[in-house]
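Per-entry structural report
Read off the chains here:
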Protein chains: 2
Amino acid sequence: MKENGRKTYTYNKSMELFEKAATLIPGGIYGHMSPTAMVPGEYPYYTAEANGCRYKDIDGNEFIDYMCAYGPMVLGYGNPVIDGAAEAQRKMADTTNHPGPVMVELAEKLVDMVPIADWAFFAKNGGDMTTYATLAARAHTNRKKVITVRGHYHGVAPWCTSYGHGGVTAEDRQNTLQVEWNDLDGFRQMAKENRGEIAAFIAMPYHHITFGRQELPAEGYWTGVEKICREEEIVLILDDVRAGFRLNLGGSNEYFGFKPDLICFSKAVGNGYPISACVGKKELMTAASKVFFTGSFWMSAVPMAAALATLEELENTEAVKKMEKSGQLLIDGLVEIGQRHGLEINPSGPPAIPFIHFCDDPSLYLNQLFCSEVTKRGSFFHPHHNWFLSVAHDEIDIKETLNHAEEAMKAVKSALDGKSPCLAV
Amino acid sequence: MKENGRKTYTYNKSMELFEKAATLIPGGIYGHMSPTAMVPGEYPYYTAEANGCRYKDIDGNEFIDYMCAYGPMVLGYGNPVIDGAAEAQRKMADTTNHPGPVMVELAEKLVDMVPIADWAFFAKNGGDMTTYATLAARAHTNRKKVITVRGHYHGVAPWCTSYGHGGVTAEDRQNTLQVEWNDLDGFRQMAKENRGEIAAFIAMPYHHITFGRQELPAEGYWTGVEKICREEEIVLILDDVRAGFRLNLGGSNEYFGFKPDLICFSKAVGNGYPISACVGKKELMTAASKVFFTGSFWMSAVPMAAALATLEELENTEAVKKMEKSGQLLIDGLVEIGQRHGLEINPSGPPAIPFIHFCDDPSLYLNQLFCSEVTKRGSFFHPHHNWFLSVAHDEIDIKETLNHAEEAMKAVKSALDGKSPCLAV
């Protein structure tokens, strides 16, 4: 369908399939992909095909994608180099009784790329690795408690799940403490009050929580955290599952200037192939080997071959530089469009993992309106969750998105119909 | 190399690569695939290529495989039907912002195939699903405690990991109770003593623990457990991760004659593609939807397409019947070979998931010796863990293995050198 010379995006097939799904699957689509995490009815529900930085849903709507599968896609969907490496490995072997030799190559590659890494361990989910890292820290320190930052997402295991979700007991979280982000004094105090009992501090490299503004570490925060961890013999764990390989190929700590003991990776490490990794300092290796941790598909060779190819390709394409540049182009363009239409847009976070808020929009109503309008013009913008750039986003794609944004902004203005854009509650 | 007209299996390349791996990866190879779980130096360490029921390691040794990747391989390595379905899906899309429509098809297929299933949920590991099922049970009952069977393996999450492994605290297991296998009175007593506090009972369909004999459920055990669960309003969870789709395509409970509320599947469901599933009764669906449970790759379409094709192919090939027949042929042959050489071999478990013990061999010395000798002749036998048959094992493969076993038995007899085979400690 066309309307005023442009395609009209409808989600009839998506809605129909979702209604059926809801009778067969709890929630229909669950977790971070749940339609209720966005604005139900305003976004695609099912992917039909994906290529480069674009995909089509089952209604035939096409999107330039700024979620990148919530992070995993970093080199483009259907990347021939990565899929080729995976396919070559599959023709040999994937899930068998043993790892393939590629497991050793991949460990070696990570140890080469990541300055703090003396060793690597592999699993399937980011959450596998955050649990593994805390177990290794406990085994290393012979202590029980883990300090986390309020709102940081480390997966769905009961010890860390961020919300009061079904089935989680107080006992599950008995050894989990929480401090606020960027509160160095609070962390120092908590470490002191629990001296000799804190096994680990685990945090994302910066504050990127759902619904919220992204907050970078305050000057001196991470070096301060690192110093306290050294003094109190607390294992410092970086959860780089979401940001990893978009800010610095050596770990996001290199971007922010500190040295954790363990780093958890997943998402982008295999360009969408299911794999996660924990890397660590040699001092932690013995403790790490005492943790009994395994899964049926963790040693599978195909995702490891894909990850090895992904890491090489990230180096070869100057990926970090390109994603930063594309993200900056996007953000600068959005801010400029907002200014021109009298709506202040505040970007937050690093350009490769950007997010925006509108001025005086605590309910995110304007964000929801704007992102929906951009999405239905062909660029997928999540209204509540940070976005992701990829190497597959070229300047021409960003410019096309800025055209979608320009039109969307006009629609927002029209919807506001002269009412104040400042909708503070 | 040939010795007495047969190939001599050496593991020089495996050992060399493992030595390097041990400097880069905690344990070198960890978890269930660790060489220390077998007899170090007597088994292959790295897979080079795999096809059908056979694979080659990096030293060029070839094996008929009786571990099937510890279960996932059920239709043969590199099965063209499954890999073709996966590849067709990959050309469309895999890990994106949304599931593919195949997710709904797969849920529908499982609901059709599994009598107790009104809905299905997907993740990556078997352990994801056992944790999810207990959380759903807690959300449903508003109770905290979970009864498990001593020695049953439900994954590596701290609440259930079977061993005193690194990093696990007493608090992690505070709500986990244990009964003995086949002890219906013990279960009844525990349920009574904790009346109103038990959310779930979780167990494998039969007792198949590492190092031990496989023990089938006693007459009336499962129906008795089911009755107590109904009376006490305890959610009955079947962990069918290991046995699932080898005994009955409707769940191993159909093989043993009972009706759980939730069933956890993984391993064989995707013929090696990484996927797990939990299916459940409709009464549990609301509670299940309250559990926040997700992972970066859980909605990926390729493993779902592989699983859909696997389930269809299992039906089309009369897989269960064939695996039972092949397993029986193997076990009967081994028992007969033992008898002929004066060594009593006791098989245990269902034929499709068989295991053997020698008479009076509590240290498993004879098992280790025999399995090593069979393995170095070309049939991979694990000395400590139940084995798996697959649809790819034909009669000709089993017969070749029985030839390996015959020669291996002679080597065992020769090694014993007239000493009593009964090595009871």
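All figures in this text were calculated on a predicted structure; none of them were measured in a lab.

A few words now on the domain arrangement of chain A. Residues and elements named next belong to chain A. Parsing chain A into structural domains produces domain 1 (2–75 + 318–416) and domain 2 (80–316). Counting residues at the interface gives 21 residues for domain 1, matched by 20 residues for domain 2. Those elements giving two or more residues to the side of domain 1 that touches domain 2 turn out to be α10 (319–340) and β14 (355–358). For the side of domain 1 that touches domain 2, the leading source of residues is α10, giving three residues. Tallied by class, residues from the side of domain 1 that touches domain 2 come to 14 nonpolar, seven polar and no charged.

This paragraph deals with the confidence of the model for chain A. In the predicted model, chain A carries a mean pLDDT of 95, and the fraction of residues at 70 or more is 96%. Quick note on the complex model: pTM equals 0.97, ipTM equals 0.96.

Before going further, it helps to examine the sheet that holds strand β4 (residues 54–57) of chain B. All names here are of chain B. Strand order in the open sheet formed by four strands is β3-β4-β5-β15, and the pairing between neighbours is mixed. Each end of this open sheet is capped by a strand with a single partner; those strands are β3 (47–51) and β15 (379–380). In this structure, β3 lies alongside β4, joined through four bridges in antiparallel fashion. Bridging from a neighbouring strand, Thr47 pairs with Asp57 of β4.

Take the interface of chain B and chain A next. Contacts between the two partners involve 89 residues from chain B, matched on the other side by 89 residues from chain A. Those elements giving two or more residues to the side of chain B that touches chain A turn out to be α1 (12–24), β3, α2 (80–92), α3 (102–113), β6 (119–123), α4 (126–141) and α8 (285–290) of chain B. For the side of chain B that touches chain A, the element with the most residues is α4 of chain B, which contributes seven residues. Looking at the side of chain B that touches chain A residue by residue, the class counts come to 48 nonpolar, 28 polar and 13 charged.

What follows deals with the relation of the copies chain B and chain A. One copy of the chain maps onto the other through a rotation about an axis followed by a shift along the same axis. Once turned by 180° and shifted 0.0 Å along the axis, chain B lies on chain A with an RMSD of 0.0 Å. The relationship between the two copies is best expressed as a two-fold rotation axis. Take the interface residues of chain B: 100% of them recur as interface residues in chain A, which is what a same-surface contact looks like.

Bringing α10 of chain A into the picture now. All names here are of chain A. Compared with an ideal rise of 1.5 Å per residue, which puts 22 residues at 32 Å, α10 spans 32 Å between its outermost C-alpha atoms and is within 8% of the ideal. Buried residues of α10: Ala319, Met323, Ser326, Gly327, Leu330, Ile331, Leu334, Ile337 and Gly338, and no others. Taken around the axis of α10, the buried residues stretch over an arc of 130°, which confines them to a single face. The exposed residues of α10 that point more than 90 degrees off its buried face are Lys321, Gln339 and Arg340. Each element contacted by the buried residues of α10 is listed here: α9 (301–316), β13 (345–348), β14 and α12 (395–416). Positive backbone phi, approximately 75°, marks Gly342, located one or two places after α10.

Let us now look at the packing of helix α10 (residues 319–340) of chain B against helix α12 (residues 395–416) of chain B. All names here are of chain B. Put simply, α10 and α12 touch, their axes get as near as 10 Å, and they point 20° apart. When the axes of α10 and α12 are compared, the pair comes out roughly parallel. Crossing of α10 against α12: the hand is right-handed. Residues Ser326, Leu329, Leu330, Gly333, Leu334, Ile337 and Gly338 of α10 form the contact with α12, whose own contacting residues are Glu395, Ile398, Thr401, Leu402, Ala405, Glu406 and Met409. Partitioning the contact of α10 with α12 into residue classes produces eight nonpolar, four polar and two charged.

Our next topic: the environment of Ala37 of chain B. Residue and element names in this part refer to chain B. Position of Ala37 relative to the elements: it lies in the loop between α1 and β3. Residue classification places Ala37 among the partly exposed residues on the basis of 19 C-beta atoms within 10 Å. Through-space distance from the C-alpha of Ala37 to that of Phe211 is 9.8 Å; in sequence the pair is 174 residues apart. Other than its neighbours up to four places away in sequence, Ala37 contacts His32 and His384.

Sheet strands associate in pairs through backbone hydrogen bonding, adopting either a parallel or an antiparallel arrangement. Residue and element names in this part refer to chain A. Taken in spatial order, the four strands make up an open sheet running β3-β4-β5-β15, and their pairing is mixed. The open sheet has two edge strands with one neighbour each: β3 (47–51) and β15 (379–380). In this sheet, strand β5 (residues 62–65) lies alongside strand β4 (residues 54–57) in antiparallel orientation, the contact comprising three bridges. Within β5, the residue paired with Tyr55 across the bridge is Phe63.

Residues apart from glycine generally show negative phi values, whereas peptide bonds are mostly found in trans. All names here are of chain A. The phi dihedral of Asn182 falls on the positive side, at around 65°, and the residue is not glycine. The residue Asn182 is located in the loop between β8 (176–179) and α5 (184–193) in this model. Owing to 18 C-beta atoms within 10 Å, Asn182 belongs among the partly exposed residues under this scheme. At Lys267, a residue that is not glycine, the phi angle is positive and equals roughly 35°. Checked against the element boundaries, Lys267 lands in the loop between β11 (262–265) and β12 (276–280). A count of 29 C-beta atoms within 10 Å places Lys267 in the buried class.

Moving on to helix α1 (residues 12–24) of chain A. Its 13 residues place the ends of α1 of chain A 19 Å apart at the C-alpha level, agreeing with the 18 Å of an ideal helix rising 1.5 Å per residue. Every buried residue of α1 of chain A is accounted for by Ser14, Leu17, Phe18, Ala21 and Leu24 of chain A. Seen from one end, α1 of chain A has its buried residues packed into an arc of 110°, which puts them on one side. The outward face of α1 of chain A, more than 90 degrees from its buried face, is lined by the exposed residues Asn12 and Glu19 of chain A. On its buried face, α1 of chain A is in contact with β4 of chain A together with α3 and β6 of chain B.

By the element assignment, Pro303 of chain B lies in helix α9 (residues 301–316). Here the alpha-carbon distance between Pro303 of chain B and Val269 of chain B, two residues 34 residues apart in the chain, equals 9.5 Å.

How each quantity is defined
- Residues numbered from 1 in each chain as written.
- Chains lettered and ligands numbered in written order.
- Predicted model: local features only at pLDDT ≥ 70, side-chain atom pairs only at ≥ 80, totals over all residues.
- Domains from an automatic or database assignment.
- Contact = placed C-beta atoms within 7 Å.
- Helix = DSSP H or I, 4+ residues; strand = E, 2+ residues; numbered from the N terminus.
- Nonpolar A, V, L, I, M, F, W, Y, C, P; charged D, E, K, R; others polar.
- pLDDT = per-residue confidence, 0-100.
- Pairing = 2+ DSSP bridges.
- Least-squares fit on C-alpha atoms with pLDDT ≥ 70 in both.
- Expected span 1.5 Å × (residues − 1).
- Buried ≥ 20, exposed ≤ 12 C-beta atoms within 10 Å, placed from the backbone.
- Arc of directions from axis to C-beta.
- Axes fitted to C-alpha atoms, helices over the stretch in contact; angles between N-to-C directions.
- Parallel < 35°, antiparallel > 145°, perpendicular 65-115°, else oblique.
- Left-handed = near helix turned anticlockwise from the far one by under 90°.

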